[in-house]
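Residues per chain are reported as follows:
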Amino acid sequence: MSQPPPEALVRSLVDGPSRLSGLEFHPRVGSTNAVALEAARRGVAEIHAVAADVQTAGRGRMGRAWQAPAGTSLLVSLVLRPRVDGPALATLPLLIGSVLAEVVAAHLREGRDEPDVALKWPNDLLVGGRKAAGILVERHPEAVIAGIGCNVDWRGLERPADLGQATSLAEEAGRTIDRWKLLAGLVGVLDRRYGEWQGDPAAALAGYRSRCATIGEGVRVERPGVAPLVGRATGIADDGRLLVATAAGELAVDAGDVVHVRPEDG
């Protein structure tokens, strides 16, 4: 299960019509985001991809660890150098989430009804209501690094306690999912959507909004150093912020850990 991406696939992605400039694979790294940043500092062109079989120091949002056994997940970071202004750049994580959701839905759709693929603001991919992937986008002077960790096949494996109710694509599909075909689909869709986003960042959010499971839900937003914000999510602003209706009025949240809550949960 731990094989690297096929050489023919790598050549087709790098030499093909997409703007992917390079793809490097590492059997084991600390963090694909860290390796991608090193590549950016070497001056690689966008879009450069760093994939790994195992991460020993992978990171999610809010400082969480992201770990996965060998051969089970798609772990990839992308070197991007977007040509958009500062406020629009805040919507990039939502674009990446929308791209990933589109690709995952296409893979799960084979031979079955429309799959339940959704996005939890700002960066979690849900399949059947359970987390299947996360995204971490980090800005640096050299580039923006977009990291994706997607649980592809966890069947028959004992999952770490900190994964909670997470799922994997193969579990939801009831069949094997090829993570390298998933990567190829990701490159293809990103190539199109990334260009559209740079031309009109606000308009590119339509795909995200259509899949956002947070909109309309009761939410509790955990934010460092301040009291949780409780209310109902009403939408996504054009700058990517989550709009929350509270007793004090509608507020826009630019960062935080969102929990979907039932009315009785408070």
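See above for the structure.
Conventions and cut-offs
Residues numbered from 1 in each chain as written. Predicted model: local features only at pLDDT ≥ 70, side-chain atom pairs only at ≥ 80, totals over all residues. Heavy atoms only, no water. Pairing = 2+ DSSP bridges. Helix = DSSP H or I, 4+ residues; strand = E, 2+ residues; numbered from the N terminus. Axes fitted to C-alpha atoms, helices over the stretch in contact; angles between N-to-C directions. Salt bridge = Lys/Arg side-chain N within 4 Å of Asp/Glu carboxyl O. Buried < 20%, exposed > 50% of the residue type's maximum accessible area, 1.4 Å probe, protein only. Polar contact = N/O pair within 3.5 Å; in protein donor to acceptor, adjacent residues only side chain to side chain. Contact = heavy atoms within 4.5 Å. Core = buried A, V, L, I, M, F, W, Y, C linked by side-chain atoms within 4.5 Å. Expected span 1.5 Å × (residues − 1). Bend = angle between axes of the 7 residues up to and from the residue.

Caption draft 1: Here's a closer look at the sheet that holds strand β10 (residues 242-246). Strand order in the open sheet made by the 5 strands is β11-β10-β9-β8-β12, with antiparallel pairing throughout. Of all strands in the sheet, those bounded by a partner on one side alone are β11 (249-253) and β12 (257-261). Mean inter-strand twist for the sheet, computed between neighbouring axes without regard to direction, equals 45°. Here β10 runs beside β11; their pairing, made up of 5 bridges, is antiparallel. For Leu242, the partnering residue across the bridge sits in β11 and is Val253.

Caption draft 2: Region of interest: the pattern of salt bridges. Throughout the structure, instances matching the rule amount to 16 salt bridges. Arg19 is the partner of Asp191 in a salt bridge, and the nearest nitrogen-oxygen pair spans 3.0 Å. In this pair, Asp191 is assigned in helix α6 (residues 179-199) and Arg19 in the loop between α1 (7-15) and β1 (22-29), connecting sequence segments 172 residues apart. Overall, Asp191 belongs to the buried group, its relative accessible area being 18%. Since its relative accessible area comes to 30%, Arg19 is described here as partly exposed. Residue Lys131 is joined to Asp124 by a salt bridge in which the shortest nitrogen-to-oxygen separation is 3.2 Å. For Lys131, a relative accessible area of 31% corresponds to the partly exposed category. The exposure class of Asp124 is buried, given its relative accessible area of 12%. Through salt bridges with shared partners, one network takes in Glu102, Arg193 and Glu196.

Caption draft 3: How the structure looks around the sheet that holds strand β3 (residues 73-80). Reading across from one edge, β1-β2-β3-β7-β6-β5-β4 is the order of the 7 strands in this open sheet, with mixed pairing throughout. Each edge of the sheet is formed by a strand with only one pairing partner; in this case those strands are β1 and β4 (117-120). Here the average twist between neighbouring strands, direction ignored, is 20°. Of the pairings in the sheet, the one linking strand β2 (residues 48-55) to β3 comprises 5 bridges and is antiparallel in character. Among the inter-strand pairings, Ala52 is bridged to a residue of β3, identified as Leu75.

Caption draft 4: Here's a closer look at the side chain of Gln198. In this structure, Gln198 sits in helix α6. Looking at Gln198, its side chain comes within polar contact range of the main-chain nitrogen of Arg83, at 2.6 Å. Setting aside chain neighbours within four positions, we find Gln198 in contact with Arg19, Arg81, Pro82, Arg83 and Val84.

Caption draft 5: Spatial organisation of unusual backbone geometry. The residue after Glu46, namely Ile47, is reached through a cis peptide bond having omega -5°. Here Ile47 lies in the loop between α2 (32-42) and β2. Note that the residue after Trp121, namely Pro122, is joined by a cis bond; omega there is 0°. Along the chain, Pro122 turns up in the loop between β4 and β5 (124-127).

Caption draft 6: Just the nonpolar core, in detail. By size, the foremost hydrophobic cluster in this structure holds 62 residues, and its most contacted members are Val76, Leu92, Val104, Trp121, Leu125 and Leu169. Sorting elements by how many residues they give to this core places helix α4 (residues 92-108) first, with 11 residues. In this view, Leu125 contacts Leu100, Ala101, Val104, Val117, Ala118, Leu119, Arg130, Lys131, Ala132 and Ala133; residues no more than four positions away in its chain are not counted. Counting 12 residues, the second largest nonpolar core, distinct from the first, contains Val29, Leu37, Val50 and Ile145.

Caption draft 7: Quick look at α6. Compared with the 30 Å implied by 1.5 Å per residue over 21 residues, the 30 Å span of α6 between its first and last C-alpha is a close match. Along its length, α6 reaches its greatest deviation from straightness, about 25°, at Leu190. Within α6, burial applies to Arg179, Trp180, Leu182, Leu183, Leu186, Val187, Val189, Leu190, Asp191, Tyr194, Trp197 and Gln198. Between a side-chain oxygen at the N-terminus of α6 and the backbone nitrogen of Trp180 the separation is 2.8 Å; the capping residue is Asp178.

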